[in-house]
Amino acid sequence: MTIARTICLGFLGAILLGTLLLMLPFSTASGEWNSPLVALFTSTSAVCVTGLIVVDTGTAFSNFGQGVILLLIQLGGLGYMTLSTFLMLLLGRRFDLAQKFAIKESFDQPYNQGSRNLIRSIIATTLIGELTGIFLLFGRFSRDFDPGEGLWLAIFHSISAWNNAGFSLFADSLVGYQNSLLVNGAISGLIIFGGIGYEAIIEMYLWLRHRLQRKSRRFTFSLNFEVVTSTTFWLLGLGTVAFLFVEWANPTTFAGMSWGDKAIAAWFQSVTTRTAGFNSIDIGKLSTAGLFITMGLMFIGASPSGTGGGIKTTTINILANCTKSVLYGQTRVTVFDREIAQSIVFKAIAVVFGSATVITIATAIISISNPEIELIAILFEVISAFATVGLSTGITASLSAVGQLTLIATMYCGRVGVLLLMSAIVGEITPRRISYPEENLLVG
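Along every chain, residues carry numbers that run from 1 in the direction the sequence is written. Selection of residues for local features in this predicted model requires a pLDDT of at least 70, selection of side-chain atom pairs for listing and counting requires 80 or more, and totals for whole chains, interfaces and linings are taken over all residues. The basis for every side-chain value is the complete set of heavy atoms in the structure, and neither hydrogens nor water enter the calculation.

Draft legend 1. Layout of the overall build of the protein. Helices and strands together make up the secondary structure of the protein, namely 18 helices and 2 strands. What the globule rule says is 2.2 Å times the number of residues to the power 0.38, and the radius of gyration is computed from C-alpha atoms. Computed over the C-alpha atoms, the radius of gyration of the protein is 22 Å, within 12% of the 22 Å expected from 2.2 N^0.38 for a compact globule of 444 residues. Taking the principal axes of the C-alpha coordinates as reference, the protein spans close to 65 × 55 × 50 Å. Throughout, a contact is declared for two residues whenever any of their heavy atoms are within 4.5 Å. Summarising the internal contacts of the protein: among those between residues at least 6 apart in sequence, 69% fall at separations of at least 24. The Shrake-Rupley method, run with a 1.4 Å probe, gives the accessible areas here. Residue values count only the displayed protein chains as cover. Only carbon and sulfur atoms are counted for the fraction: they give 65% of the accessible area of the protein, which is about 21600 Å². Averaging the locations of the 26 positively and 24 negatively charged side chains of the protein gives two centres separated by 15 Å. Put simply, DSSP H or I for four residues or longer makes a helix, DSSP E for two residues or longer makes a strand, and each gets a number counted from the N terminus. In this tally, Lys and Arg are treated as positive and Asp and Glu as negative; His is ignored, and so are the chain termini. Note on charges: their place is set at NZ of Lys, CZ of Arg, CG of Asp or CD of Glu.

Structure, rendered in structure tokens:
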């Protein structure tokens, strides 16, 4: 079995197991058997760390059911290969070469050295991030709920935020806390650090340790770190300004807020659209411009090796610099004074093309099966599913069975990745080493 198939089947197995568990009577608040479609949709959304729901998580599921969803979120955020490899470490088993290559494929690394240290670092980073979030959120939730419930809410939302899942136990997500600096700050921090990628976080730690030890040798950041952090910074900043501009006078979103509350809400929406799925305003009441800005940010998504989805920050950065190279008449793509390999540029183009194709097909299917729903609402839902975001204008539960099954397939495709899924279906292909004559072609 190929590495791609191992990863894809691992996620599929987790989804099916989660579906069976969520169907059980003690997973539902009513104590009755759950609908297979509801269980499948919820399990897929949790494993794919999306956050789209067809029933309210806080009222439809029992504590056991919510615990199952939380475990599926953790599995989906860490990834099948990470969790299975960590279990191997606990059991004291050794990695074979195939497993090392599987880890490399999961994190899109160009090498397969230090697999054990990588897995340990990922688990440690996750635990530190989630525990910090629990501590901060408990300080706020304990004021509104009894200590036991406040702690459970803090645990659930911290793990959901770090893994960019967007599941909430509140019916209105975080609308009730749109003015809370602590909740908005803690959730935003968890989303950003969870989605920026483990490699970038580890590199931050190494840089900080280097500074504290006051070493004379200059610390050099990797190209991945520079691209990921700079692109994330610009997207967060531009997103905040864009939401402030288009929603400032919108009577259904920002109009009744103070300047400070508008800034907090705009910042939070800019953060959460990067594949997190929490919302502090009613997404269905956004202006048309606000919806399109949200779709653009969702499509780009988080960073490689992070817990979020989308085409990734590195992909959009490479394509932007590719466009720049064309405008300047250059034949090579350079980023931060370093040349990008042609194979990486091809991969970025393939990711965008494949993603756009999946979104187009899914939108067409749902439009045909749900003709009464507006196209922009369907497109928003599909992009949210593919980019594993979880934001919704409120149409998810009203979609037909065909529409919901299409979203399930879209979430799965977005989580495992278009290229990885195609590789799993097609199998290994030996590259052809044939050179053909070059010829010009009209483009654009």
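Draft legend 2. A look at the environment of V352. With respect to the helices and strands, the residue V352 is situated in helix α15 (residues 342-369). A C-alpha to C-alpha distance of 9.4 Å links V352 and F299, two positions 53 residues apart in sequence.

Draft legend 3. Structural view of empty space enclosed by the protein. Method remark: on a 1 Å grid restricted to protein atoms, a set of points is classed as a cavity if a 1.4 Å probe fits but cannot get out and as a pocket if it is open with protein on both sides within 12 Å along at least five of seven lines; lining residues have an atom within 4 Å of a point. Grid points are joined across faces, edges and corners, and a volume is the space filled by probe spheres set on the points. Per the stated rule, a full pass over the model turns up 1 cavity of 30 Å³ or more. Reported here for the largest cavity is a volume of approximately 90 Å³. Lining the largest cavity we find N164, I191, I192, G195, I196, T232, L236, V271, R274, A302 and S303. Broken down by secondary-structure element, the contributors of at least two residues to the lining of the largest cavity are α9 (181-195) and α11 (223-247). The element that contributes the greatest number of residues to the lining of the largest cavity is α9, accounting for 3 residues. Polar here means any residue outside two lists: the nonpolar Ala, Val, Leu, Ile, Met, Phe, Trp, Tyr, Cys and Pro, and the charged Asp, Glu, Lys and Arg; Gly therefore counts as polar. Across the lining of the largest cavity, the residue classes tally to 6 nonpolar, 4 polar and 1 charged.

Draft legend 4. Layout of the side chain of T240. Along the chain, T240 falls in helix α11. Think of it in three bands: residues with accessible area under 20% of the maximum for their type are buried, residues over 50% are exposed, and the middle band is partly exposed, with areas taken using a 1.4 Å probe on protein chains only. Its relative accessible area of 13% is what places T240 among the buried residues.

Draft legend 5. Seen up close, the packing of aromatic side chains. The rule is short: rings of Phe, Tyr and Trp, with Trp giving its six-membered ring, pair when the centres are within 6.5 Å, and they are stacked under 30 degrees, edge-to-face over 60, tilted in between. Enumeration according to the criterion identifies 11 aromatic pairs in this entry. Ring centres 5.2 Å apart and planes at 75 degrees place the aromatic pair F26 and F64 in the edge-to-face group. Linking F26 in the loop between α1 (3-23) and α2 (36-47) with F64 in helix α4 (residues 63-78), this pair joins segments that are 38 residues apart in sequence. Residue class for F26 comes out exposed when judged on its relative accessible area of 51%.

Draft legend 6. Layout of the environment of V335. Tracing the sequence through the fold places V335 in strand β1 (residues 334-335). As a C-alpha pair, V335 and I318 span 17 residues in sequence and 7.4 Å in three-dimensional space. If we ignore the near neighbours within four places in the chain, the residues touching V335 are L223, V227, N317, N321 and I340.

Draft legend 7. Layout of helix α12 (residues 259-272). Between the first and last residue of a helix there are one fewer steps than residues, each counted as 1.5 Å, and that sum is the expected span. With 14 residues, α12 extends 20 Å between its outermost C-alpha atoms, agreeing within 8% with the 20 Å of an ideal straight helix rising 1.5 Å per residue. Here α12 lies mainly inside the structure; 10 of its 14 residues are buried. Along α12, the residues that are buried comprise D261, K262, I264, A265, A266, F268, Q269, S270, V271 and T272. Its buried side turned inward, α12 meets α9 and α11.

Draft legend 8. Spotlight on the side chain of E130. With respect to the secondary-structure elements, E130 resides in helix α7 (residues 115-144). Apart from residues lying up to four places away in sequence, E130 is in contact with Q74, S158, I159, W162 and N163.

Draft legend 9. Representation of the packing of helix α13 (residues 288-300) against helix α16 (residues 375-386). Interhelical geometry of α13 versus α16 gives an angle of 25 degrees and a closest axis separation of 9 Å. As judged from the angle between their axes, α13 and α16 are roughly parallel. Helix-helix and strand crossings are classified by hand; for α13 and α16 the assignment is left-handed. Residues T288, L291, F292, T294, M295, M298 and F299 of α13 pack against I376, L379, F380, I383 and S384 of α16. Residues that form the contact of α13 with α16 fall into these classes: 9 nonpolar, 3 polar and no charged. Between N-to-C directions, angles cover 0 to 180 degrees, with each direction set by a line fitted to C-alpha atoms, over the stretch in contact for helices. Relative orientations are named as follows: roughly parallel for angles under 35 degrees, roughly antiparallel for angles over 145 degrees, roughly perpendicular for angles from 65 to 115 degrees, and oblique for any other angle. Crossings are assigned a handedness: left-handed for a near helix turned anticlockwise from the far helix by less than a right angle, right-handed for a clockwise turn.

Draft legend 10. Broad picture of a nonpolar patch on the surface. Residues forming no salt bridge and having over 30% relative accessible area are the ones grouped into patches, like charges within 9 Å of each other and nonpolar side chains (Val, Leu, Ile, Met, Phe, Trp, Tyr) within 5 Å. Whenever Lys or Arg places a side-chain nitrogen within 4 Å of a carboxyl oxygen from Asp or Glu, that contact is recorded as a salt bridge. Judged by side-chain polarity, L9, L12 and L16 come together as a nonpolar surface patch covering roughly 260 Å² of accessible area. With relative accessibility at 48%, the residue L16 sits in the partly exposed group.

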